[in-house]
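A look at the structure
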Amino acid sequence: MASLCVWFIIAAFATYYPALVIATQDGPWGAFDRLRQRWDTGYRGKAIRCPVCVAAYAALVWAWLLCWRLDLDWLLFPIVWFALAGAATFLNKVWLR
């Protein structure tokens, strides 16, 4: 159980930081800035500028990896997904204070 908590915390930070970088920073060689400029309008343009939205997509990957590597029941997948997205959102709110 302790290793599950440790992996969840690691996955929460691994969800938060890429979401923050993709949504707000230039990235390597300005790649994320160019991506945000290319997707300037519509849903994708709004979603890629929102750290919460990007965290929800990044959490999807980490939730799949946690369920697969830790042999969790796949019925827990949506719970782990939303918990990671919520943890990344919480980290974003705390960081912005």
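Described below are features of the structure shown in this document. Just so you know, the residues in each chain are numbered from 1, in the order the chain's sequence is written. For this predicted model, a pLDDT threshold of at least 70 governs which residues receive local features, and a threshold of 80 or more governs which side-chain atom pairs are given and counted, while totals over whole chains, interfaces and linings are taken from all residues. Excluding hydrogens and water, the side-chain figures rest on all heavy atoms present in the structure.

Thoughts on the packing of aromatic side chains
- Stacked, edge-to-face and tilted are the three classes for Phe, Tyr and Trp ring pairs, Trp counted by its six-membered ring, which pair at centre distances within 6.5 Å; planes under 30 degrees apart are stacked, over 60 edge-to-face, the rest tilted. Overall, the coordinates contain 4 aromatic pairs when judged by the stated rule.
- Seen from their ring centres, W64 and W68 are 5.4 Å apart, and the 15° between their planes marks the pair as stacked. Of this pair, W64 and W68 both sit in helix α4 (residues 51-69), 4 residues apart, roughly one helical turn.
- Remark: exposure states derive from per-residue accessible area (1.4 Å probe, protein chains only) relative to the maximum for the residue type, with buried under 20%, exposed over 50%, and partly exposed in between. Since its relative accessible area comes to 42%, W64 is described here as partly exposed.
- Of the residues examined, W68 reaches a relative accessible area of 45% and is grouped as partly exposed.
- These aromatic residues form a ring-pair network of at least three members: W74, F77, W81 and F82.
- The ring of W68 carries the charged tip of R69 above its face, separated from the ring centre by 5.3 Å. Comment: elements are numbered from the N terminus, with helices defined as DSSP H or I runs of at least four residues and strands as E runs of at least two. Geometrically, a charge over a ring is one whose NZ (Lys) or CZ (Arg) sits within 6 Å of the ring centre while staying within 35 degrees of the ring normal.

Concerning the pattern of salt bridges
- A carboxyl oxygen of Asp or Glu within 4 Å of a side-chain nitrogen of Lys or Arg is what we treat as a salt bridge. If you walk through the whole model with that rule in mind, you get 1 salt bridge.
- Taking the shortest distance from any N to any O, the salt bridge between D33 and R36 comes out at 3.7 Å. Of this pair, D33 and R36 are both found in helix α2 (residues 31-38), 3 residues apart, which corresponds to roughly one turn of the helix.
- Taking the relative accessible area as the measure of exposure, D33 reaches 26% and is therefore partly exposed.

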